[in-house]
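Structural description and commentary
One-letter residues, chain by chain:
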Amino acid sequence: MKMTAMPKITHHLTDPLLMAYAAGTLPEAFNIVVATHVSLCDECRARLHSFDAVGGALIDTAEAMDLSVGSLEATLRAIAGKPPEPRAVRRATGLFPAPLQEYVGGDIDSVVWRRVGGGVSQAVLATRGEATVRLLRIPGGVAVPDHGHRGTELTMVLQGAFRDETDRFAAGDVEVADEAMVHQPVAEEGEDCICLAATDAPLRFNAFLPRVAQTIMRI
Ligand code: ZN
Ligand code: ZN
């Protein structure tokens, strides 16, 4: 498996996402995407550290203020539930960055793909909670059908690139789409575009699959 040098990342995680990650309040599905991006991205890792520092200062203040037992317990629970801080760039061999390899239990060779139509394949990763995270494999030149979102969608490109109405997204980039966005990502010609995408509600495909199939495939 070749590993080309990661090109310059131009699309980053938002502050609210990094803050929620630092606070341990994101669903597991989103934690995986955030940890994977942060492992490759110096800029987002630096911002995450700054939010960690702010969180630490707040906790110190809370301790000095002699808060009630209940709120101290809640604070300690929040600390205990905090996701592990991604270590600095650990370049795994293969396509997947280290946090994703750890989650999948291997690299892309160990992924079991399921076709979802139009040449697109996916593999839903097992996570707790309502939010889901999947790997998507989109052949070059193929469009992911026009869709809106009933929630937030966080997509990170692992290989290849895609374009939609907003911009071009290449390896390492993340796109944050909200409910207001209806877009049609198209994989660039060439190698398959492989993405890691988390959604906190089912995608609303407009003309792709019947609803019952969406339920079965957990799209
Ligand atoms: Zn970044
Ligand atoms: Zn989308």
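A brief structural summary. Treat the numbers as computed from the prediction; the structure is a model and nothing was measured.

It is worth spelling out the sheet that holds strand β8 (residues 174-177) at this point. Through backbone hydrogen bonds, the strands of a sheet pair up, either in parallel or in antiparallel fashion. Across the sheet, six strands lie side by side as β1-β2-β3-β10-β5-β8; this open sheet has antiparallel pairing. Taken across any chain shown, the strands that pair with only one partner, and hence form the sheet edges, are β1 (114-117) and β8. Shown here is a sheet whose adjacent strand axes are inclined to one another by a mean of 30°, direction ignored. Two strands pair when backbone bridges link them, and strand β2 (residues 120-125) and strand β3 (residues 132-138) are joined in this way by five bridges, in the antiparallel orientation. Bridge assignment links Ala123 to a residue of β3, and that residue is Leu135.

The next subject is the pattern of salt bridges. The tally for this structure, following the rule as stated, stands at six salt bridges. Its salt-bridge partner being Arg47, residue Asp15 comes within 2.4 Å of it at the nearest N-O pair. You can see Asp15 sitting in helix α1 (residues 15-23) and its partner Arg47 sitting in helix α3 (residues 42-64), a full 32 residues away along the chain. Here Asp15 falls in the partly exposed class, since its relative accessible area comes to 32%.

Before going further, it helps to examine the coordination of the zinc ion (ligand 1). When a metal carries six donors in an octahedron, the ideal angles between them are 90 or 180 degrees, while four donors in a tetrahedron ideally lie at 109.5 degrees. Protein-derived coordination of the zinc ion (ligand 1) comes from His12 (ND1), His37 (NE2), Cys41 (SG) and Cys44 (SG), at a distance range of 2.1 to 2.3 Å. For the zinc ion (ligand 1), the four donor atoms in the first shell make angles of 94 to 127° at the metal, so the coordination geometry reads as tetrahedral. Mapped onto the sequence, the donors of the zinc ion (ligand 1) take the spacing H-x24-H-x3-C-x2-C. One exposure class covers both His37 and Cys44, and it is buried.

Attention shifts here to the sheet that holds strand β9 (residues 186-187). With antiparallel pairing, three strands are arranged side by side in an open sheet as β7-β6-β9. The open sheet has two edge strands with one neighbour each: β7 (168-170) and β9. Where strand β6 (residues 161-163) and β7 come together, three bridges link them in antiparallel fashion. Looking across to β7, one finds that Ala161 is bridged to Ala170.

Next up on the list: empty space enclosed by the protein. Within the structure shown, the criterion is met by three cavities of 30 Å³ or more. Each pocket or cavity is described by its volume, and for the largest cavity that value is around 100 Å³. Around the largest cavity sit 13 residues that line it, and Leu136, Val144, Glu153, Thr155 and Pro185 are the ones nearest its centre. Elements with a contribution of two residues or more to the lining of the largest cavity: β3, β5 (153-159) and β10 (193-199). When the residues that make up the lining of the largest cavity are grouped by side-chain class, the tally is eight nonpolar, three polar and two charged.

About the criteria used
Residues numbered from 1 in each chain as written. Chains lettered and ligands numbered in written order. Predicted model: local features only at pLDDT ≥ 70, side-chain atom pairs only at ≥ 80, totals over all residues. Heavy atoms only, no water. Pairing = 2+ DSSP bridges. Helix = DSSP H or I, 4+ residues; strand = E, 2+ residues; numbered from the N terminus. Axes fitted to C-alpha atoms, helices over the stretch in contact; angles between N-to-C directions. Salt bridge = Lys/Arg side-chain N within 4 Å of Asp/Glu carboxyl O. Buried < 20%, exposed > 50% of the residue type's maximum accessible area, 1.4 Å probe, protein only. Donors = N, O, S within 2.8 Å, 3.2 Å for Na, K, Ca; no water. Tetrahedral: all angles 85-135°; square planar, octahedral: opposite > 155°, others 65-115°. 1 Å grid on protein atoms, 1.4 Å probe; cavity = no way out; pocket = protein on both sides within 12 Å on 5 of 7 lines; lining within 4 Å. Points joined across faces, edges and corners; volume = space filled by probe spheres on them. Nonpolar A, V, L, I, M, F, W, Y, C, P; charged D, E, K, R; others polar.

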